[in-house]
Amino acid sequence: MKVGIAGTGRMGGAIAQRLMGLNHELTVWNRTPGKTKELAAAGAKVAATPAALAENVDTIITILTDDQAIEALYNGPQGLLSGKVAGKLFIEMSTVRPEVQIALEKKVSGKGAALVECPVGGTTGPARDGKLFGFAGGADADVARARPLLESMCRRVEHVGPAGAGTRMKLAINLPLYVYWQALGEALLLCRSLGIGADRLVDILADTSGASNAIKSRGPAVAAFLGGKDPGPPTMTVELVCKDLRTMIAEARAMGGTVPAAEAALKCFEAAARGGLGDKDQSVLPGRWASTAGK
Ligand SMILES: NC(=O)c1ccc[n+]([C@@H]2O[C@H](COP(=O)([O-])OP(=O)(O)OC[C@H]3O[C@@H](n4cnc5c(N)ncnc54)[C@H](OP(=O)(O)O)[C@@H]3O)[C@@H](O)[C@H]2O)c1
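A brief report on the enclosed structure follows. Each chain has its residues counted from 1, running along the sequence as written. At least 70 in pLDDT is required for a residue's local features to be given in this predicted model, at least 80 for side-chain atom pairs to be given and counted, and no such filter applies to totals for whole chains, interfaces and linings, which use all residues. Excluded from the side-chain calculations are hydrogens and water; all other atoms, namely the structure's heavy atoms, are used.

Observations concerning the site of the ligand
Then, in step 1: We define proximity as follows: a residue is near a molecule or strand when any one of its heavy atoms falls within 4 Å of that partner. Met11, Asn30, Thr32, Lys35 and Thr123 are the nearest of the 25 residues found near the ligand.
Then, in step 2: The separation between an oxygen atom of the ligand and a polar side-chain atom of Lys35 is 2.7 Å.
Then, in step 3: Two N or O atoms form a polar contact when they lie within 3.5 Å of each other; inside protein one atom must be a possible hydrogen donor and the other a possible acceptor, and for residues adjacent in sequence the pair counts only when both atoms belong to side chains. Within the backbone of Thr235, a nitrogen or oxygen atom sits 2.8 Å from a nitrogen atom of the ligand.
Then, in step 4: Only the protein chains shown count as cover for residues, and the accessible areas themselves come from Shrake-Rupley with a 1.4 Å probe. When the ligand is considered free in solution it has 900 Å² of accessible area, and contact with the protein chains removes 90% of it.
Then, in step 5: Secondary structure elements follow DSSP: runs of H or I of four or more residues count as helices, runs of E of two or more count as strands, with numbering from the N terminus. When contributions to the shell around the ligand are tallied by element, the ones reaching two or more residues are α1 (10–21), α4 (67–75) and α11 (238–254).
Then, in step 6: Looking at the shell around the ligand element by element, the count peaks at 3 residues for α11.
Then, in step 7: Across the shell around the ligand, the residue classes tally to 8 nonpolar, 11 polar and 6 charged. Here the nonpolar group is Ala, Val, Leu, Ile, Met, Phe, Trp, Tyr, Cys and Pro; Asp, Glu, Lys and Arg are the charged ones; every other residue, Gly included, is treated as polar.

If you want it as structure tokens, here you go:
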């Protein structure tokens, strides 16, 4: 199948690697051209514009920073929807507000094409291994059409409703995770005077019912940062976590509800970003809180 990926950032690049490993004929485009170089060296075609990418493939995948990126890439000059796209399938995987996916689905279907949103749980490692958890939103027939490709990227795909439902579910699954990072930081702060080494401390906390699943994969990075070492390259950055938390808070407010735990977590992640950790992995938050006593 001819597949295109517009936006080869951390997640788009990892998904591209996965699909190339499955022998899909892949075309890519990215705003910052340098990020397509490795994929081109591995055999991907590089399109000159998003419009050229959409014209030359059957299915177009996007996984982008936020709603502004979606607007620029789909609706900008030479954007994905600027050429003839009737009959094509778009799979939009970014974490944004549900209303953004709903509006995009209308635009895409107005062009005679189909859109399935499928934001994902899991980070770059699971993306490279085809082990994401996909939350699909869209019409039954469109999701059925997208399913084989989605299943090659995901260990599990749940069709949770029409367009917008997938992002709503995705925001819901990330909320407890971000609150957990902050709660773990506070737990580590309480343990500081014990004098237990970072690796052992994180190992103990990971083996309790207060732990999140995420500690299984990110525990070593948490312990490294807590112990003053390099936690390694980021998978999901502190800046992107702030974007997700702001999106959750806006969504809850639009529903007439409140999410005080998410609001408190946002303040802590924003403080970390102001302290120069915006481009670091989300898992630096607990170590920062414990070592600065929250200051
Ligand atoms: N990282 C994770 O673990 C993870 C997991 C699940 C979901 N997500 C979600 O997936 C999405 C992407 O995350 P990521 O970590 O892959 O982010 P990233 O590495 O920062 O990549 C973002 C992508 O969006 C593109 N982009 C941003 N603004 C643009 C614009 N105005 N016009 C065109 N392209 C634009 C970037 O292009 P440039 O390279 O030119 O900047 C890049 O290709 C986010 O919504 C995030 O919340 C991330």
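So that's the structure; there's more coming.
A few points about the side chain of Arg97
Then, in step 1: Here Arg97 shows up in the loop between β5 (89–92) and α5 (98–110).
Then, in step 2: Among the polar contacts made by the side chain of Arg97, one reaches the side chain of Glu251 at a distance of 2.7 Å.
Then, in step 3: For this analysis, residues touch if any pair of their heavy atoms sits within 4.5 Å. Setting aside chain neighbours within four positions, we find Arg97 in contact with Thr167, Thr247, Ala250, Glu251 and Ala254.

Some points on unusual backbone geometry
Then, in step 1: The backbone of Asn23 sits at a positive phi, close to 70°, despite the residue not being glycine.
Then, in step 2: Secondary-structure assignment places Asn23 in the loop between α1 and β2 (25–29).

Description of the packing of aromatic side chains
Any aromatic ring pair is given by two values, namely how distant the centres are and how the planes are angled relative to each other.
Then, in step 1: Within 6.5 Å between ring centres, the rings of Phe, Tyr and Trp (the latter by its six-membered ring) count as paired, and their orientation is classed by plane angle as stacked under 30 degrees, edge-to-face over 60, tilted in between. Scanning the entire structure with this criterion turns up 4 aromatic pairs.
Then, in step 2: Ring centres of Tyr178 and Phe269 lie 6.1 Å apart, and the angle between their planes is 70°; this geometry places the pair in the edge-to-face category. Placement of the pair is Tyr178 in helix α8 (residues 165–191) and Phe269 in helix α12 (residues 260–277), with a sequence separation of 91 residues. Per residue, the accessibility class of Tyr178 equals that of Phe269, and both read buried. Burial status follows relative accessibility: with a 1.4 Å probe on protein chains alone, a residue under 20% of its type maximum counts as buried, one over 50% as exposed, and anything between as partly exposed.

With respect to the packing of α8 against α12
Then, in step 1: With axes taken as lines fitted to C-alpha atoms, and helix axes fitted only over the stretch in contact, angles between N-to-C directions fall between 0 and 180 degrees. The interhelical angle for the contact between α8 and α12, taken along N-to-C directions, is 55°, at an axis separation of 9 Å. Accordingly, the angle class assigned to the pair α8 and α12 is oblique. The interaxial crossing formed by α8 with α12 has left-handed handedness. Contacts from Leu175, Tyr178, Val179, Trp181 and Gln182 in α8 reach Ala261, Ala262, Ala265, Cys268 and Phe269 in α12.
Then, in step 2: Considered class by class, the residues forming the contact of α8 with α12 number 9 nonpolar, 1 polar and no charged. Any angle that falls under 35 degrees is termed roughly parallel, while one over 145 is termed roughly antiparallel, one within 65 to 115 roughly perpendicular, and all others oblique. Two helices that cross are described as forming a left-handed crossing if the nearer one is turned anticlockwise from the farther one by less than a right angle, and a right-handed crossing if clockwise.

Things to note about the nonpolar core
Then, in step 1: Formed by 34 residues in total, the largest nonpolar core has its most connected members in Tyr178, Trp181, Leu184, Ile215, Val222, Leu245 and Phe269.
Then, in step 2: Within the residue set of this core, elements represented by two or more residues are α8, α9 (198–206), α10 (214–226), α11, α12 and α13 (284–292).
Then, in step 3: The greatest single-element share of this core, amounting to 8 residues, is contributed by α8.
Then, in step 4: Look past the residues within four positions of Phe269 in its chain and what remains in contact with it is Tyr178, Trp181, Val238, Val241, Cys242, Leu245, Gln282 and Leu285.
Then, in step 5: Working definition of a nonpolar core: buried Ala, Val, Leu, Ile, Met, Phe, Trp, Tyr and Cys residues. They are joined through side-chain atoms within 4.5 Å. Counting 31 residues, the second-largest nonpolar core is a separate cluster that includes Val28, Cys118, Ala146 and Met153.

A closer look at the side chain of Ser94
Then, in step 1: Along the chain, Ser94 turns up in the loop between β5 and α5.
Then, in step 2: Overall, Ser94 belongs to the buried group, its relative accessible area being 1%.
Then, in step 3: A distance of 2.6 Å separates polar atoms of two side chains, one belonging to Ser94 and the other to Glu92.

Quick word on α11
Then, in step 1: Its 17 residues give α11 an end-to-end C-alpha distance of 24 Å, which sits within 8% of 24 Å, the value for a rise of 1.5 Å per residue.
Then, in step 2: Among the residues making up α11, those that are buried are Val238, Val241, Cys242, Lys243, Asp244, Leu245, Thr247, Met248, Ile249, Glu251 and Ala252.
Then, in step 3: Looking at the buried positions of α11, the neighbouring elements they touch are α5, α8, α12 and α13.
Then, in step 4: Looking one or two places after α11, you find Gly256, whose phi comes out positive at around 80°. Given the number of residues in a helix, its expected span is that number minus one, multiplied by 1.5 Å.

Let's talk about the environment of Gly34
Then, in step 1: Along the polypeptide, Gly34 turns up in the loop between β2 and α2 (37–41).
Then, in step 2: Exposure remark for Gly34: the relative accessible area of 45% places this residue in the partly exposed category.
Then, in step 3: Considering only alpha carbons, one finds Gly34 and Thr8, 26 residues apart in sequence, at a separation of 9.8 Å.

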